[in-house]
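# Examining the three-dimensional arrangement
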Amino acid sequence: MDKKVIVKLEDFEKNYDEKIVIKDLNLEVYEGEFLTLLGSSGCGKTTILRCISGLELPTKGKIYLDNEDVTFTEPQKRNVNTIFQNYALFPFMSVKDNVTFGLKMKKVDEKEIEKRVSNMIKLVHLEGYENRKPKELSGGEQQRVSIIRGLINNPRVLLLDEPLSALDLKLRKKMQIELKHLQKKLGITFIYVTHDQDEALSMSDRIVVLNKGKIEQIGTPLEVYENPKSEYVANFLGEANIFKGKVIKNEDNKSIIETDNKEFITVVGNYPIDSKLSVVVRPENIKLSKTERKMNCIKGVIKDEIYDGSVTKLIIKTENETIKQLTIGNDRQFRENDEVFMYWTLDDCVIIGSAKDEKK
């Protein structure tokens, strides 16, 4: 069954004065999904969110909500709510009054208000906090209030602009899990903006990777991480070793690439001779050995160790370049200044830059 499109951007463009922030962007968001707009500062992700909410108008193109053109519809007439980074709670109102403010403005029946606020308070485990002011709450508690205030009106879409960025790391991780569970339970479409790759990978159904106002790649977390379509995506989502070179030989449905640094890498598939390729190998897929292997093996010396609790990152210097290797766990047999051979399997190579030669 086809997925229902709830938000659609068609030939979307946004300029500020003479600067083009977003150009010719087309995007469909499905009903009930958790979609993340991921990119560095200035890539246009927050601008997209603000235009969907109606806080800003596009320079060109159309915005549809439930197949209705809302490009120039006033924000209060769009069935969307926005959660901001700074919580935006009324400081002199209680938790309950903050949450019910929108319902009271719409003159919703008092009994219905009581029912909804009770359900929402229970949903985020804030029972007993109804009469507290925002200053009496922790950062995580304030964010929960902000989120249920956005949800209590039953919006078709909830827009979230880096809502967890002000929280400390441990609380942010906890809130990521809670927010994902909340979204799944309610079935409301979330469009989430972040620059945090780990956040995007752990929470999203699909990720839209943005770069300079354009979409680099759209896919599930698994797709964009394990099969990046560009060097930008490979580098932005996690860490990547990228080997650039040209194809010098084909044999047995494999291509041998001579890299710019005079190393040799074998990949699956027949690529045109002399075609230029970039091969991505993730640090966690590189294994270390004291002895040389036949295929996809490069010699180097460990120059640095970066300990990060459950993992250790090794910086290994070859004759011509630096390679990153990630060891899961800390039972390691190699240390700084050790000479090692790095190797990986054919399945660990991701190709960027050329189509396979279809000739048999």
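One can find the structure itself at the top, above this paragraph.
Report follows, based on the coordinates. (Residues numbered from 1 in each chain as written. Predicted model: local features only at pLDDT ≥ 70, side-chain atom pairs only at ≥ 80, totals over all residues. Heavy atoms only, no water.)

### Here we look at the side chain of asparagine 241
- Position of asparagine 241 among the secondary structure elements: in strand E11 (residues 241-251).
- Within polar-contact distance, the side chain of asparagine 241 engages the backbone nitrogen of lysine 324 at 2.8 Å.
- In this view, asparagine 241 contacts Val279, Val280, Val281, Arg282, Pro283, Ile286, Ile323 and Lys324; residues no more than four positions away in its chain are not counted. (Helix = DSSP H or I, 4+ residues; strand = E, 2+ residues; numbered from the N terminus. Polar contact = N/O pair within 3.5 Å; in protein donor to acceptor, adjacent residues only side chain to side chain. Contact = heavy atoms within 4.5 Å.)

### Overview of the pattern of salt bridges
- Summed over all chains, the structure comprises 24 salt bridges.
- Here aspartate 97 and lysine 104 are joined by a salt bridge, their closest N and O atoms 3.6 Å apart.
- With a relative accessible area of 31%, aspartate 97 lands in the partly exposed category.
- One network of salt bridges, in which partners are shared, links Lys4, Glu31, Asp66 and Arg156. (Salt bridge = Lys/Arg side-chain N within 4 Å of Asp/Glu carboxyl O. Buried < 20%, exposed > 50% of the residue type's maximum accessible area, 1.4 Å probe, protein only.)

### Some thoughts on the packing of helix H4 (residues 139-151) against helix H5 (residues 169-186)
- One can describe the packing of H4 onto H5 by two numbers: an axis separation of 11 Å at closest approach and a directional angle of 20°. Overall, the two elements H4 and H5 adopt an arrangement that is roughly parallel. In the packing of H4 onto H5, the handedness of the crossing is right-handed. Each of Gly140, Gln143, Arg144, Ile147 and Leu151 in H4 lies in contact with H5, whose residues at this interface are Leu171, Lys174, Met175, Glu178, Leu179, Leu182 and Leu186.
- Broken down by class, the residue content of the contact of H4 with H5 amounts to seven nonpolar, two polar and three charged. (Axes fitted to C-alpha atoms, helices over the stretch in contact; angles between N-to-C directions. Parallel < 35°, antiparallel > 145°, perpendicular 65-115°, else oblique. Left-handed = near helix turned anticlockwise from the far one by under 90°. Nonpolar A, V, L, I, M, F, W, Y, C, P; charged D, E, K, R; others polar.)

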